[in-house]
Amino acid sequence: MQGVFITIEGVEGSGKSTQLLRLSERLRRLGLPVVVSKEPGGTALGRELRRLLLERHVSGETWCPEAELLLFYADRAQHLETVIRPALAEAKIVLVDRFEDSTRAYQGASGVPESSLDRLNDVVLRGLKPHLTVMLDMDPEGSLQRVEVRNLALGSEYAETRFDEATLDFHRRVRNRFLIIAQKHPNRVALIPARNPVDQVEASIWVRVAPLLRSAGFGVD
Ligand SMILES: Nc1ncnc2c1ncn2[C@@H]1O[C@H](COP(=O)(O)OP(=O)(O)OP(=O)(O)O)[C@@H](O)[C@H]1O
Ligand SMILES: [Mg+2]
């Protein structure tokens, strides 16, 4: 049996972590072998990169777009090598919170040319693609409002939200890039309306995940 690689994507606050947790719990209840991870920060070194990427720095210095891009791909290379590829080789179901499409949407919206992304993708992914990408789609006005409520509830030390301070316009461009990716890869990407209640979103995701797992030989009934 082969492993199954599923990524979850979407603008901030669209419900990725909420849904990934629900999906992983459901798969565990079914007794299936699940590995849950995220980017950036799916490895110990990746967590150091995550801190470097997302925290505000005391110096006030910010990464230039190319440096930022390379740090994201360094995180991905390490994650693929030490977590994702080994788990797939062991026929596990690998669920990853943000992956390549987030880099394309966010760094693309920050002005990194598509050709640079393509070249780094060749070097780091070496042809590996998720079997399914769950793309949670909603307007950034609503999603950023959710983020605000969530972060207030979590307390001010929860400060990994550098992107939240970017303009709404930036987030709209990110969303559009996600939508273009979904259009370009209709077989890989399941576009799911994320404004709906949590249970409904979970059900829409399951409709796409269950047949994939079945076809890979996992018992989900
Ligand atoms: N369908 C939903 N309806 C209403 N609220 C939701 C829904 N899904 C998630 N939420 C709430 O919205 C907030 C953001 O959800 P979550 O953290 O899962 O989003 P995320 O996409 O992982 O965000 P980030 O990109 O910042 O990691 C949380 O407080 C969560 O409880
Ligand atoms: Mg999250």
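That block above? That's the structure.
Small disclaimer: the values here were computed from a predicted structure and weren't measured. Each chain carries its own residue numbering, running from 1 in the direction its sequence is written. Think of it this way: whatever chain is written first is A, whatever ligand is written first is 1, and the rest follow in order. Selection of residues for local features in this predicted model requires a pLDDT of at least 70, selection of side-chain atom pairs for listing and counting requires 80 or more, and totals for whole chains, interfaces and linings are taken over all residues. The side-chain quantities take in all heavy atoms of the structure and omit both hydrogens and water.

Peer 1: Let's hear about the site of ligand 1: which residues, and what values?
Peer 2: As a matter of local geometry, ligand 1 sits amid 15 residues, with Lys 16, Ser 17, Thr 18, Arg 150 and Asn 196 nearest to it. Counted as a polar contact is a pair of N or O atoms within 3.5 Å, where, for protein atoms, one must be capable of donating a hydrogen and the other of accepting one, and residues adjacent in sequence contribute only when both atoms are in side chains. At 2.5 Å, a side-chain N or O of Thr 18 approaches an oxygen atom of ligand 1. A total of 630 Å² of accessible area belongs to ligand 1 in isolation, and the protein chains cover 74% of it. By the criteria applied, helices consist of DSSP H or I runs no shorter than four residues and strands consist of E runs no shorter than two, each listed in order from the N terminus. Secondary-structure elements contributing two or more residues to the shell around ligand 1 are helix 1 (16-29) and helix 6 (140-154). The biggest single contributor to the shell around ligand 1 is helix 1, with three residues. Charged means Asp, Glu, Lys or Arg here, nonpolar means Ala, Val, Leu, Ile, Met, Phe, Trp, Tyr, Cys or Pro, and polar covers whatever is left, Gly included. A per-class count over the shell around ligand 1 returns four nonpolar, six polar and five charged. A molecule or strand has a residue near it when one of that residue's heavy atoms lies within 4 Å. Areas reported here follow the Shrake-Rupley algorithm with a probe of radius 1.4 Å; residue values treat only the protein chains shown as occluding.

Peer 1: Please set out the sheet that holds strand 5 (residues 189-193) residue by residue, giving values where relevant.
Peer 2: The rule for pairing is simple: two strands pair if DSSP sees at least two bridges between them. Taken together, five strands build an open sheet; the order of strands is 2-3-1-4-5 and the sheet is parallel. Only two strands of the sheet have a single partner each, and these edge strands are strand 2 (34-38) and strand 5. On average, adjacent strands in this sheet sit at an angle of 20° to one another, irrespective of strand direction. Here strand 4 (residues 132-137) runs beside strand 5; their pairing, made up of five bridges, is parallel. The residue bridging Asp 137 from the neighbouring strand is Pro 193, located in strand 5. In this analysis an axis means a line fitted to C-alpha atoms, helices contributing only their contacting stretch, and an angle means the value between N-to-C directions, from 0 to 180 degrees.

Peer 1: Account for the nonpolar core, naming residues and giving values.
Peer 2: Take the buried Ala, Val, Leu, Ile, Met, Phe, Trp, Tyr and Cys residues and link them wherever side-chain atoms come within 4.5 Å; each set so joined is a nonpolar core. Buried residues are those whose accessible area, probed at 1.4 Å on protein chains only, stays under 20% of the maximum for their type, while exposed residues exceed 50% and partly exposed ones sit between those limits. Counting 26 residues, the largest nonpolar core has Leu 27 and Leu 213 as the members making the most contacts within it. Where this core is concerned, the elements lending two or more residues are strand 1 (4-10), helix 1, strand 3 (93-97), strand 4, strand 5 and helix 8 (198-215). In terms of residues, this core owes the most to one element, helix 8, which gives seven residues. Beyond its immediate stretch of four places on either side in the chain, Leu 213 contacts Val 4, Leu 27, Leu 32, Ile 93, Phe 218 and Val 220. By size, the runner-up hydrophobic cluster in this structure holds 18 residues, among which are Phe 5, Ala 87, Val 94 and Leu 125. The contact criterion used is simple: two residues touch if any of their non-hydrogen atoms lie within 4.5 Å.

Peer 1: Describe in detail helix 5 (residues 114-125), supporting the description with residues and values.
Peer 2: The length a helix should cover is 1.5 Å for every residue beyond the first. With 12 residues, helix 5 extends 16 Å between its outermost C-alpha atoms, agreeing within 8% with the 16 Å of an ideal straight helix rising 1.5 Å per residue. For helix 5, the full list of buried residues reads Leu 117, Leu 120, Asn 121, Val 124 and Leu 125. Within helix 5, the buried residues cover an arc of 110° as seen down the axis, which keeps them to one side. Projecting away from the buried face of helix 5 at angles above 90 degrees are the exposed residues Arg 119, Asp 122 and Val 123. Throughout, the arc means that of the directions going from the helix axis to the C-beta atoms.

Peer 1: Any details on the pattern of salt bridges? Residues and values, ideally.
Peer 2: Any carboxyl oxygen of Asp or Glu that lies within 4 Å of a side-chain nitrogen of Lys or Arg is treated as forming a salt bridge with it. For the structure on display, the rule yields 16 salt bridges. When the shortest N-O distance is used, the salt bridge between Asp 139 and Arg 195 registers 3.0 Å. Here Asp 139 is found in the loop between strand 4 and helix 6, whereas its partner Arg 195 is found in the loop between strand 5 and helix 8, with 56 residues between them in sequence. Overall, the relative accessible area of 53% leaves Arg 195 in the exposed class. Residues joined in a network through salt bridges with shared partners are Glu 39, Arg 76, Glu 100, Arg 104, Glu 114, Asp 118 and Lys 184.

Peer 1: Before we move on, could you go through the packing of helix 2 (residues 44-54) against helix 3 (residues 65-89) and cite the residues and values that matter?
Peer 2: Where helix 2 contacts helix 3, the two axes come as close as 9 Å, and the packing angle between them is 160°. Between helix 2 and helix 3, the interaxial angle falls into the category roughly antiparallel. Between helix 2 and helix 3 lies a crossing of left-handed hand. Taken together, the residues of helix 3 that come into contact with helix 2 (itself represented by Leu 45, Gly 46, Leu 49 and Leu 53) are Glu 68, Leu 71, Phe 72, Ala 74, Asp 75 and Gln 78. Along the lines of polarity and charge, the residues of the contact of helix 2 with helix 3 split into six nonpolar, two polar and two charged. Roughly parallel covers angles under 35 degrees, roughly antiparallel covers those over 145, roughly perpendicular covers 65 to 115, and oblique covers all other angles. The sense of a crossing depends on the near helix, which, turned anticlockwise from the far helix by less than a right angle, makes the crossing left-handed and, turned clockwise, makes it right-handed.

Peer 1: Which residues make up helix 2, and what values go with them?
Peer 2: Listed in full, the buried residues belonging to helix 2 are Gly 46, Leu 49, Arg 50, Leu 53 and Leu 54. Projected onto a plane normal to the axis of helix 2, the buried residues spread over an arc of 110° and lie on a single side. Residues of helix 2 that are exposed and point over 90 degrees away from its buried face: Ala 44 and Leu 45. The secondary structure elements touched by the buried residues of helix 2 are strand 2 and helix 3.

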